[in-house]
Every structure is written in C-alpha cells, then in structure tokens.
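Examining the three-dimensional arrangement
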Amino acid sequence: MPPVSPPRAWAEIDLAALRHNLGVAREVSGCRVMAVVKAGAYGHGLEEIARVLADEDIAFFGVANVGEARRISNAGIDTRIYLLGATWSEERAEIVDREWTPCLSSLDEARHFSDLATSANKRLKCHLAVDTGMGRGGFVPEELPCLLPELEALKGIEIEGVGSHLPSADEDENFTREQFTRFAEIVAKLGGRDRFEWIHLSNSAGLLGYDNSPCNLVRPGLMLYGISPLPGHQQRLRNVMSLKSRVTLIRELPAGHGVSYGREFITERPTRVATVGAGYGDGYPRSLSGKGTEVVIQDRRFPLLGRVTMDQIMIDVTDTTVEVGDEVELFGPDVRVDELAAKAGTIAWEILTGITPRVTRVHRS
Ligand SMILES: *Cc1c(COP(=O)(O)O)cnc(C)c1O
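Residues numbered from 1 in each chain as written. Predicted model: local features only at pLDDT ≥ 70, side-chain atom pairs only at ≥ 80, totals over all residues. Heavy atoms only, no water.

Some details on the UniProt feature "domain: Alanine racemase C-terminal" (unreviewed entry) in the chain
Put simply, the rule is: UniProt positions are given in the numbering used here, feature names are shortened, and annotations may be inferred rather than shown by experiment. In DSSP terms, a helix is any run of H or I states spanning at least four residues, a strand is any run of E spanning at least two, and both are numbered starting from the N terminus.
Following the UniProt record, one finds the feature "domain: Alanine racemase C-terminal" (unreviewed entry) at residues 240-364. What you have in residues 240-364 is 11% helix and 38% strand, and the ends, taken at the C-alpha atoms, are 10 Å apart.

What follows is the structure, encoded as structure tokens:
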C-alpha cells in the first residue's frame, strides 16, 4: 500500500442539489428536459452525473460529440442521447447503430444518415436544427419550406423534432422575445405540434427568463449545476460544485516582502500568509490575480495575495486562527463561481469546464 496522500485540491459535487435544480427546470418551464452534459457534465463528471439524472425521467442527454455519447452508452445508461453539434461522416454508422439522435443542418447529412439507416434496416430519429440567430448550425429558415418535402422523402430517417438555439437570452431580452416568436412561426409553418414530437429552443437563460409555451422540451446546462445566467433566478438554485483545497503552510512575512511571481503584491505590514494547495493547474484561473479575489476559510472571506501560481496560492490570514490543514473554499456556496468568473473576465461555464483532471471529484448524494 502506498502512503495515504489526500489530494491538494478536490471538487465536492452535491448530487441532491443537482436533482433539486432539475426540479426547478421542470417546474419553471413546464417542459420535458434534455439534460445538457457536454464537456464532462460541465466538469462535474460525465458518467456520475448521467447516472444520477438517468433515474430522474429526463427525455434526452445533450452531448457535444460521439465520444461523449459513447461514454454514456458504455456506462449502461439507456436514456436517449442527442448530439448538439455536427457529426463527421465517419461517425454516422455508429450513430445509426446505437440510435443516438443527431440534429440535421444540411440535406447532405440527412441523405447520408438515411442511406446508412436504410442499409442497416433501420429508421433513425433525427431533429431539424433551425438557425434563428446563433449562426453556428442548422438550416436557414427560408430554405426549409422548400427542403422539407425532400427531407421527408428520405426513407431511412424520421424527423421527429425541431430545435433552435438562443445566442443572447442572458443579454438581449428584446431580441430573444422576437426570436421565440419567429421560432414559433417557423415551427407552425412546418406543421407544429402535429408534425413534431419534440420542439425545443431554450438553454438555461431561455428556460428561466421566457415563456416556453411554444416548446415541449428545454435544454438546460448551467442551471442544473446551480448557476443562473439570469441573476434574478439564482436564489431558486442550489450550488452543486465546490472547489476546495487546504492550507499547506502558514508563514509570518515582514512588511515590505513580495508575494508570488512578479512581486506585484508587497506586504504593507507584518503579514501572516497562508499557502494553499491549488492554482491554475487545477483550473483556478490565473486571471484572478490582483482582482480583489477572496477565498473562504472557517466561514470567513480572506483576500488572495499576488498572482495565482500553477499549484499554490497565497492568502492573507493576519490576526486569525487559520492553521495548516484548514479547508479552503475556492468557489462554492459562499464564493459563487459566477462571482469568480466576473473577476477573471470570463463566464461561469468556462471556469467549470476548465477544472482540470488533477482535481479529484467527490460525489455526494
Ligand atoms: C450548451 C448548450 C445548451 C446549454 O446551455 P446553458 O446555457 O449551459 O444552459 C443548450 N443548447 C445547446 C445547443 C447548447 O450547445
């Protein structure tokens, strides 16, 4: 047996909070849920999160690519899997075989899926992606009325759903309202609820901030993990991931002593400095340096000193009882990840998905 060596940094993941947030998504939208679990369930652990959500009667998992779809299927989970992005042609035989659900952006893709499914004696369920403003994928709405009969004629595929995506539901309310209206009109023109089993438009912000009655499916990601892209809805959600570390050293530095690379911070007084075992090598952004960033130790906030290094950060714990071994919350219920994101000049999504493999994930039910 090797000697026990606890991780320097770990992420505690509260699965009860995840279930609670899923409940909020259902209640607010009145729709079925496609749980978006791309990028390792936003850094929370793909298989672990998918296993929990699979027991909660969700309609689909939304993943970015075939690699993620494989991991869910290989874990023995049989909830339907929806591929949010475009697929390589080499991947499509497996998609047909495993009955994952692609979204279509072109007639060529549709024909290829149809041919593969026909030769496998199958009919693959697909969704139409419609570009109502994101500019990333999907059919341009104007081309659809003319293309739909051609798509419908393909024997190997069944177009069971239609979806679109919101580029600015957390930034531009007028555009988004108008986008909901346009999407509803397009869907109606294509045959509406009678024609499509699944109609979906909303990410977390669209789900929380808008009337989803034109749809019967929503695609939340971030809010499942406890962060609301619209601040007004934050209090309904529960924090899921807490990034934690421990104090590894406590040192007394005299006034006038530099702290960390570049010596951007110089002590102004004798300072008790705690060194903590996490840094940008764990995904704690280096861009938090010099931004008034704080961490929580013993239920109190303490300031970060100087630059974030790869494996360690320094904290001012002058005049406190903080000791070596004390637990440190880098983000979690007390310092929310969106607070850190704002300081780091980024978004919560990027910080969560940037927590590196070195960080041990601890799942708690
Ligand atoms: C990532 C993604 C979502 C989830 O977005 P959140 O803002 O995290 O809720 C929904 N739909 C599509 C197409 C996506 O790519």
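Focus on the layout of surface pockets
Selection rule: Lining residues are those with an atom within 4 Å of a point, where the points come from a 1 Å grid over the protein atoms alone and group into cavities, where a 1.4 Å probe fits but cannot get out, or pockets, open sets with protein on both sides within 12 Å along at least five of seven lines. Grid points are joined across faces, edges and corners, and a volume is the space filled by probe spheres set on the points. Residue polarity follows a fixed list, in which Ala, Val, Leu, Ile, Met, Phe, Trp, Tyr, Cys and Pro are nonpolar, Asp, Glu, Lys and Arg are charged, and the others, Gly among them, are polar. Residue ranges for the domains trace back to a domain assignment, done automatically or taken from a database.
When its volume is computed, the largest pocket comes out at roughly 940 Å³. Looking at the lining of the largest pocket, the elements with two or more residues in it are α2 (38-43), α10 (204-209) and α12 (348-353). For the lining of the largest pocket, the leading source of residues is α2, giving three residues. Considering only residue class, the lining of the largest pocket consists of 20 nonpolar, 14 polar and six charged. Looking at which domains feed residues into the lining of the largest pocket, each of domain 1 (15-227) and domain 2 (241-364) supplies at least three.

Remarks on the nonpolar core
Across soluble globular proteins, nonpolar side chains show a tendency to be buried alongside one another. The condition is simple: Grouping buried Ala, Val, Leu, Ile, Met, Phe, Trp, Tyr and Cys residues that are joined through side-chain atoms within 4.5 Å yields what is termed a nonpolar core. The classification of residues rests on relative accessible area computed with a 1.4 Å probe and restricted to protein chains. Under 20% of the type maximum is buried, over 50% is exposed, and intermediate values are partly exposed. Any pair of residues with heavy atoms lying within 4.5 Å of one another is described as a contacting pair.
Of all hydrophobic cores here, the largest spans 106 residues; its most connected members are Val37, Leu53, Leu128, Leu151 and Ile315. Sort the elements by how many residues they give to this core and helix α1 (residues 15-29) lands first, with six residues. Each of domain 1 (15-227) and domain 2 (241-364) gives at least three residues to this core. Those residues in contact with leucine 53 that sit more than four places away from it in its chain are Leu18, Leu22, Ala35, Val37, Ile58, Phe61 and Leu224. With eight residues, the next largest nonpolar core counts Phe60, Tyr82, Cys103 and Leu217 among its residues.

Comments concerning the domain arrangement of the chain
Rules: We define buried area as the total accessible area lost by two parts upon association, computed with a 1.4 Å probe and summed across both. We define a salt bridge as a contact between a side-chain nitrogen of Lys or Arg and a carboxyl oxygen of Asp or Glu at a distance within 4 Å. Polar contact is defined as a pair of N or O atoms within 3.5 Å, subject to the rule that within protein one atom must be able to donate a hydrogen and the other to accept it, and that residues adjacent in sequence are counted only when both atoms are side-chain atoms.
The assigned domain composition of the chain is domain 1 (15-227) and domain 2 (241-364). Contacts between the two partners involve twelve residues from domain 1, matched on the other side by eleven residues from domain 2. Of the roughly 1000 Å² buried at the junction of domain 1 and domain 2 (both faces included), carbon and sulfur atoms supply 70%. The largest per-residue losses of area from domain 1 upon contact with domain 2 belong to His44, Leu222 and Ile227, which jointly make up 44% of the total buried on that side. Here domain 1 is connected to domain 2 by zero salt bridges. Between the two partners, domain 1 and domain 2, sit three residue pairs in polar contact (both at pLDDT 80 or more). Of all the secondary-structure elements, those providing two or more residues to the side of domain 1 that touches domain 2 are α1, α2 and α3 (46-54). Counting residues per element, the side of domain 1 that touches domain 2 draws most heavily on α2, at three residues. Its residues placed into classes, the side of domain 1 that touches domain 2 shows seven nonpolar, three polar and two charged.

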